[in-house]
Amino acid sequence: MNAIPDGVQPDPTMMSVERNRSSADFFDAAARGELLLKRCVNCAHVRAARRPTCRACGHSASTGLAASGRGTLVTWAAHPARGESSPRRVFGMVELAEGPWMESALVDVAEDRLRGGLGMRVTFVSGAEGEAYPAFTAAD
Amino acid sequence: MTAPVISGFGLTDVGKIYGRNATSFAAEAILLAVQDAGLQLPDVDGLLVSAGKSLGVDLSLAESLGLSDLSLLAQVQSFGATAGVMVQQAAQAVMSGQASRVVCVFADAPLKEGVSSAKAYRRPAASGHFGHLMASGITNPTASYALAARRHMETYGTTVNHLGSVAVSQRAWAADNPVAQFRDELTLEDHRESRMVIEPLRLLDCCLVSNGGAAVVVTKADLAVDAPHPPAHLWGWGQGHPGYAWERGSEFGLVTGAVQSGRSAMRMAGITPADVSIRELYDCYTYTTIVTLEDYGFCEKGEGGPLAASGALAPGGSLPTNTGGGQLSSFYLWGMTPLIEALVQARGAGGARQVEDNDVILVSGNGGILQYHSTLVLSPHAKEPR
């Protein structure tokens, strides 16, 4: 049984994601409703959880940091619908308030609102199976 | 005369060629290139090998071809920038005396009969952070290029018709290229109505997928004087790998490694963008042609789209670009696509599509998601001593 934050309903049209050893902390955080980042132990530069090393100083050691969940949209694109089981899927690059960029599914956003700089906030989604994972929606 | 030249090249049948593996394409391309250079296999003392996505060729190619006592042998991987990187390494090897005749080869066979091109590069399902990346929408390279293209479009006002103009211009060149996979005339309407692959990129914004192989022979000018064909002289080269930050301040989608790579190559060649007669640019997507034109300085930043729409890139235009049709219309063998067309043009062998002024030809290679870039400057003429 995977832990999913309160209110997240599995959505069979979203892709399912399984955890592995190197992502366990990230998905544990997602299950608590947190977007986990890494903060470099050496220089405190903040990076996305999937980045193995710090690009500011090259060190690998890090501590976890819960993101504020706020960000702005950098760019976006969309997979067109491919039949009923695969509806149109909008995705984008979000610049987190902490600085790192994150590729993300964009959910529950009117597409005509999408533009660079649009305020975004994190939400959590899940496929039919597997882990809950972060996605973004418009901040207001 | 230690100046490096490309004295021969070979291109196999390309496209939906089934029943052959990458090694077979590589071997044929090498034989064609060596013969074209007026050489025999034992004359070769260096081999640089590049495999595409199907990873079908490696160092064992040397033994398979009976190439013995090589003084240079390596597999090179800079993705779409590889062809240019290989030629640069080969040029340095012949200039230093490490090797005298180096063959650079690329071959790939991702297409399988009865399987669509879209599935040729499909990634398997993944877990962990990579699984999350895919679930976020980054399912293939086109998804990332779609993000890059959108950022360019939003920032600079690049339009769907600007992208379409690249496709239309290059198809017009392909019409006169007998090896091009697509030669029928294309209109902006055809482009606009082509299937959306990943918005904003349509089918006619995307390169082909091809099976085939290509090879070139790099040597010194004085070793090529008796070659059957006049060589292409390597005037300059460069690389630029931006190392995008993927964080606040990143120029992803707006500026590429072509800035740094082009500056180095043109400085070595002693030229400016205004001196370039022909551009052979890596065009994995229509957007890539536009952003690369800007970054090399053929127009101001953000003006690549209007430049394409002006017709300047097309046959008869002021800036002939991708004169064989490029990866969009002719064939897709990574960086060998622009390089082979550059060599055809340098030799004056372009037939109906030959550009009259072929004095200076710029070739680009672009790999990853705009992460790796190489540039070559070629000419039918020896570089004047400076």
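What counts, and at which threshold
Residues numbered from 1 in each chain as written. Chains lettered and ligands numbered in written order. Predicted model: local features only at pLDDT ≥ 70, side-chain atom pairs only at ≥ 80, totals over all residues. Heavy atoms only, no water. Helix = DSSP H or I, 4+ residues; strand = E, 2+ residues; numbered from the N terminus. Rg over C-alpha atoms; globule rule 2.2 N^0.38 Å. Buried < 20%, exposed > 50% of the residue type's maximum accessible area, 1.4 Å probe, protein only. Areas by Shrake-Rupley, 256 points an atom, 1.4 Å probe, with all protein chains shown as cover. Polar contact = N/O pair within 3.5 Å; in protein donor to acceptor, adjacent residues only side chain to side chain. Contact = heavy atoms within 4.5 Å. Phe/Tyr/Trp six-rings, centres within 6.5 Å; stacked < 30°, edge-to-face > 60°. 1 Å grid on protein atoms, 1.4 Å probe; cavity = no way out; pocket = protein on both sides within 12 Å on 5 of 7 lines; lining within 4 Å. Points joined across faces, edges and corners; volume = space filled by probe spheres on them. Salt bridge = Lys/Arg side-chain N within 4 Å of Asp/Glu carboxyl O.

Novice: How do you make sense of the overall build of chain B when you look at a structure like this?
Specialist: Tallying secondary structure elements over chain B gives 13 helices and 11 strands in all. A compact globule built from 386 residues should have a C-alpha radius of gyration of about 21 Å, and chain B, at 20 Å, falls within 12% of that. Seen through its principal axes, chain B has C-alpha atoms that stretch 50 × 45 × 40 Å. Across the 386 residues of chain B, 61% fall into the buried class. Entry remark: accessible area of chain B is about 14,100 Å², with carbon and sulfur atoms responsible for 50%.

Novice: Got a minute to help me understand the side chain of A:Glu103 in this structure?
Specialist: Position of A:Glu103 relative to the elements: it lies in strand β6 (residues 101-105). Among the residues examined, A:Glu103 registers a relative accessible area of 11% and is labelled buried. A polar atom in the side chain of A:Glu103 sits 2.8 Å from the side chain of A:Arg50. Residues in contact with A:Glu103, not counting those within four places in the same chain, are A:Arg50, A:Arg51, A:Gly92, A:Met93, B:Leu133, B:Ser136 and B:Ile138.

Novice: For this particular structure, what's the right way to read the packing of aromatic side chains?
Specialist: In this description, a pair of aromatic rings is defined by centroid distance and the angle of the planes. Residue and element names in this part refer to chain B. Inspection of the entire model under this criterion finds 10 aromatic pairs over all chains. Considering the side-chain rings of phenylalanine 106 and tryptophan 334, the 5.3 Å spacing of their centres and the 35° angle between planes classify their relative orientation as tilted. Taken together, the residues span a long stretch of sequence, with phenylalanine 106 in strand β4 (residues 101-108) and tryptophan 334 in the loop between α12 (326-329) and α13 (336-347) at a distance of 228 residues. Measuring from ring centre to ring centre gives 6.3 Å for tyrosine 296 and phenylalanine 298, while their planes differ by 65°; the resulting arrangement is edge-to-face. The residues tyrosine 296 and phenylalanine 298 share a single accessibility class, namely buried.

Novice: I'm lost on empty space enclosed by the protein in this one. Help?
Specialist: Empty pockets left among the atoms are what a rolling probe the size of a water molecule brings to light. One pass over the full model with this rule turns up 3 cavities of 30 Å³ or more. Approximately 110 Å³ is the volume found for the largest cavity. Of all the secondary structure elements, the ones that give two or more residues to the lining of the largest cavity are β1 (36-40) and β6 of chain A together with α5 (128-135) of chain B. Considering each element in turn, the lining of the largest cavity owes the most residues, 3 residues, to α5(B).

Novice: Looking at this model, I keep getting lost on the pattern of salt bridges. Mind explaining?
Specialist: Side-chain pairs of opposite charge can arise where the charged atoms are in close proximity. One pass over the full model with this rule turns up 14 salt bridges over all chains. A salt bridge links A:Glu95 to B:Arg248; the shortest N-O distance between them is 3.1 Å. In this pair, A:Glu95 sits in strand β5 (residues 89-96) while B:Arg248 sits in the loop between β8 (232-240) and α9 (258-269), so the two residues belong to two different chains. On the accessibility criterion, B:Arg248 (48% relative accessible area) is partly exposed. Overlapping salt bridges bring together A:Arg88, A:Glu111, B:Arg150 and B:Glu199 as one network.

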